[in-house]
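One letter stands for each residue in the lines below.
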Amino acid sequence: MSNLMNPIYLDYAATTPMDPVVAQKMAACLTLDGNFANPASRSHRYGWMAEQAVETARGQIAKLINADVREIVWVSGATEANNLAIKGVAQQHSAKGKHIITSAIEHKAVLDPCIYLQEQGFEVTYLQPQTDGTVSVQQVKDAIRPDTVLVSLMFVNNELGCINPIKEIGELCRSQNVLFHVDGAQAVGKTGVDVQAQNIDLLSVSGHKFYGPKGIGILFVKRGVKIAAQIHGGGHERGMRSGTLATHQIVGLGEAAHISQAALPQEEAHLSALRIQLWNGLKDIEGITLNGSEHACVPGILNISFAGVDGESLLLSLADLAVSSGSACNSATMAPSYVLKAIGLDDELAHASIRFSVGRFSTPQEIEQVVSSVGTAIKRLKGMAA
Ligand SMILES: *Cc1c(COP(=O)(O)O)cnc(C)c1O
């Protein structure tokens, strides 16, 4: 019967559904009777109202990450924020040097801009993560050179959920006079992010990863840090990102930030309980291993490998669960996850891996169902293999 029902959604790390309150606030910014105007229109009340809504939202996201409102630049999402941060710093500071440090398991939205810059004559060091998926302060220290202009590392890895020692790496970068960019897409709204206490110079944030809308994000740019704009045309956002501000998206992100800030303690407890329930329910399966760090991690993500099981068959037999696998579609073929390979998994085991990610609307009843589905599927697959 289960195939007649919607699969259980366990892919919150890919995107979250919007909080209904967020959707409501956004809907009030669309039509003539709502807050629809161009926030840059200075000559009438409609424009002032829209500007006020944008500035309220700016305050909400600034507060969540402990930034000043003048340090928030609206962009279309974390992909754009990463591009703006990395290319923007590289171009602005190339006279000082052309060396960038990142890691091999960053999101493609960091790796691809780095590859682009390599084609432009920059040199990039890709740190290999430790077996738990984190990068150590010492690794960064050893890689910094006199011509290093930027260190770009993710706060939380999107496949593994592991957390990097951001505060300590930030402290190191500051002492070495190197700018520090953090891809915070999987961290903001999920764990404590404080740009001041954690010594962050640039932080990328995405609305749709914490119950806000898709197509909106911010780049936090610490006051005094100069970056080269990537989109020109009107000088919005203090020249760093031109384009008419999308009031409804911005209001949605602001409300999502407001809700997340208030909900964070309960939500962390809720998700931790679900993660523990899931892991306890599965951990006795023969050949199972947890990828990443069991403790230095966000509670919403659990990445597991099932040794001795064929990856494709595993995914097929879990059709009643909406999860991510350790395989990525690369044109026609399935490639094993480069993240899992970088922490030491072979191709076969990477394919036989599943990322479960739970969120605000997940329930213990769902997890119970997941444990039972996975257990049954593995038994059946092993029976087939035997
Ligand atoms: C989702 C994600 C991105 C991309 O964010 P978009 O807003 O979808 O462009 C970048 N980095 C990480 C770590 C992510 O999880």
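Asker: Report on the overall build of the protein chain, specifying residues and quantitative values.
Answerer: When helices and strands are counted, the protein chain shows 11 helices and 15 strands. Whereas a compact globule of 386 residues would reach a radius of gyration of roughly 21 Å, the protein chain reaches 22 Å, a difference of no more than 12%. Overall, the C-alpha framework of the protein chain stretches about 75 × 55 × 40 Å when taken along its three principal axes. The buried share of the protein chain, taken over its 386 residues, is 55%. Contacts in the protein chain between residues at least 24 apart in sequence constitute 72% of all its contacts with a sequence separation of at least 6. Of note, the protein chain has its 30 positive side-chain charges centred 7 Å away from the centre of its 36 negative side-chain charges.

Asker: Hey, could you go over the side chain of Asn199 for me, with residue numbers and the actual values?
Answerer: Within the secondary structure, Asn199 is located in the loop between β6 (179–183) and β7 (202–206). Classification of Asn199 as buried rests on a relative accessible area of 14%. Within the structure, Asn199 has its side chain in polar contact with the backbone oxygen of Lys167 (distance 3.1 Å). With residues near it in sequence (within four places) discarded, Asn199 still touches Lys167, Gly170, Glu171, Arg174 and Phe180.

Asker: Tell me what's going on with the pairing of β6, and back it up with residues and numbers.
Answerer: Among the five residues in β6, five count as buried, and that is most of the element. One ladder, built from five bridges, connects strand β5 (residues 148–154) with β6; its direction is parallel. Bridge pairing in β6 links Met154 to Asp183. A crossover connection joins β5 to the parallel β6 through helix α6 (residues 166–175); in handedness this β-α-β unit is right-handed. In this structure, β6 lies alongside β7, joined through three bridges in parallel fashion. Paired with Val182 across the two strands is Leu203, which belongs to β7.

Asker: Can you tell me about helix α4 (residues 108–119), naming the residues and giving the values?
Answerer: Between the first and last C-alpha of α4 there are 16 Å, a value that for 12 residues agrees with the 16 Å anticipated at 1.5 Å per step. Within the span of α4, buried status applies to Ala109, Val110, Leu111, Pro113, Cys114 and Leu117. For α4, the elements touching its buried residues are α3 (78–92), β3 (99–103), β4 (123–127), β5, β6 and α9 (338–342). A positive backbone phi angle near 100 degrees is found at Gly121, which sits one or two residues after α4.

Asker: Tell me about the layout of surface pockets, residues and numbers included.
Answerer: The computed volume of the largest pocket comes to approximately 430 Å³. Going through the elements one at a time, β12 (324–325), β13 (327–330), β14 (333–336) and α9 are the ones with two or more residues in the lining of the largest pocket. The calculated volume of the second largest pocket comes to roughly 280 Å³. Lining the second largest pocket are 14 residues; nearest its centre among them are Arg42, Glu55, Arg58, Glu237 and Leu245. Among the residues making up the lining of the second largest pocket, the classes are represented as five nonpolar, two polar and seven charged.

Asker: Lay out the sheet that holds strand β15 (residues 353–357) in plain terms, naming residues and giving numbers.
Answerer: With antiparallel pairing, four strands are arranged side by side in an open sheet as β9-β10-β15-β12. Both outer strands of the open sheet, β9 (288–291) and β12, are each paired with one neighbouring strand and no more. Inspection of the sheet shows β9 paired to strand β10 (residues 301–306) by four bridges, in the antiparallel sense. Within β10, the residue paired with Asn291 across the bridge is Asn303. Together, β9, β10 and β15 form the strand contacts of helix α7 (residues 247–282), whose direction differs from that of β10 by roughly 10 degrees.

Asker: Outline the domain arrangement of the protein chain, listing residues and values.
Answerer: You can read the domains of the protein chain as domain 1 (8–16 + 264–385) and domain 2 (20–260). For domain 1 versus domain 2, the separation of C-alpha centres amounts to 28 Å. Listed by partner, the interface residues are 26 residues for domain 1 and 34 residues for domain 2. Here domain 1 and domain 2 share an interface that buries about 2,500 Å² over both sides, 54% of which is from carbon and sulfur atoms.

Asker: Break down the sheet that holds β5 for me, with residues and values.
Answerer: Taken in spatial order, the seven strands line up as β2-β8-β7-β6-β5-β3-β4 in an open sheet, and their pairing is mixed. The sheet is open, and its two edges are formed by β2 (72–75) and β4, each paired on a single side. Averaged over all pairs of adjacent strands, the angle between their axes in this sheet comes to 20 degrees, without regard to strand direction. Docked against the sheet, α4 engages β3, β4, β5 and β6, running at close to 145 degrees with respect to β4.

Asker: How would you sum up the site of the ligand? Please name residues and give values.
Answerer: Near the ligand, the surroundings consist of 13 residues, among which Thr79, Asp183, Gln186, Ser206 and Lys209 are the closest. Take Thr79: an N or O atom from its side chain is 2.6 Å from an oxygen atom of the ligand. Contact between the ligand and Asp183: a nitrogen atom at 2.6 Å from a side-chain N or O atom of the residue. Looking at side-chain class alone, the shell around the ligand contains three nonpolar, eight polar and two charged residues.

The rules we used
- Residues numbered from 1 in each chain as written.
- Predicted model: local features only at pLDDT ≥ 70, side-chain atom pairs only at ≥ 80, totals over all residues.
- Heavy atoms only, no water.
- Helix = DSSP H or I, 4+ residues; strand = E, 2+ residues; numbered from the N terminus.
- Rg over C-alpha atoms; globule rule 2.2 N^0.38 Å.
- Buried < 20%, exposed > 50% of the residue type's maximum accessible area, 1.4 Å probe, protein only.
- Contact = heavy atoms within 4.5 Å.
- Lys, Arg positive; Asp, Glu negative; His and termini not counted.
- Charge placed at Lys NZ, Arg CZ, Asp CG, Glu CD.
- Polar contact = N/O pair within 3.5 Å; in protein donor to acceptor, adjacent residues only side chain to side chain.
- Pairing = 2+ DSSP bridges.
- Right-handed = clockwise from strand over helix to strand, strands pointing away.
- Expected span 1.5 Å × (residues − 1).
- 1 Å grid on protein atoms, 1.4 Å probe; cavity = no way out; pocket = protein on both sides within 12 Å on 5 of 7 lines; lining within 4 Å.
- Points joined across faces, edges and corners; volume = space filled by probe spheres on them.
- Nonpolar A, V, L, I, M, F, W, Y, C, P; charged D, E, K, R; others polar.
- Axes fitted to C-alpha atoms, helices over the stretch in contact; angles between N-to-C directions.
- Domains from an automatic or database assignment.
- Buried area = accessible area lost by both parts, 1.4 Å probe.
- Near = heavy atom within 4 Å.

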